[in-house]
Amino acid sequence: MLGASLISTALGTRLPGLGSIYLSQTLQFLGPVYIGDTLTVRITVKKVNEKKSIVTLDTACENQTW
């Protein structure tokens, strides 16, 4: 859940902007995260619906060996 919390923090405090509302998140865990791991979080804009002001993001969290 550490990786998920990093993504949640980025979306809640930095992206996509002031006043954003977090609608949903789907998680898939592919391996453990250990103390001392170096994590890289990548967030990519997948789709923008300007009419409804909704941005769909693709996120990934990887450790130093993935």
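Up top is the structure these notes are about.
Residues numbered from 1 in each chain as written. Predicted model: local features only at pLDDT ≥ 70, side-chain atom pairs only at ≥ 80, totals over all residues. Heavy atoms only, no water.

### Digging into the pairing of strand 1 (residues 40-49)
Thought 1: Two elements, strand 1 and strand 2 (residues 54-62), share nine bridges in a ladder whose sense is antiparallel. Among the inter-strand pairings, Lys47 is bridged to a residue of strand 2, identified as Thr56. (Pairing = 2+ DSSP bridges. Helix = DSSP H or I, 4+ residues; strand = E, 2+ residues; numbered from the N terminus.)

### Considering the pattern of salt bridges
Thought 1: Here the structure, examined in full by the defined rule, presents one salt bridge.
Thought 2: A salt bridge links Glu62 to Arg42; the nearest nitrogen and oxygen atoms lie 3.1 Å apart. Pair noted here: Glu62 is in strand 2 and Arg42 is in strand 1, with a separation of 20 residues, a long-range link.
Thought 3: Note on Arg42: relative accessible area 44%, which makes it partly exposed. (Salt bridge = Lys/Arg side-chain N within 4 Å of Asp/Glu carboxyl O. Buried < 20%, exposed > 50% of the residue type's maximum accessible area, 1.4 Å probe, protein only.)

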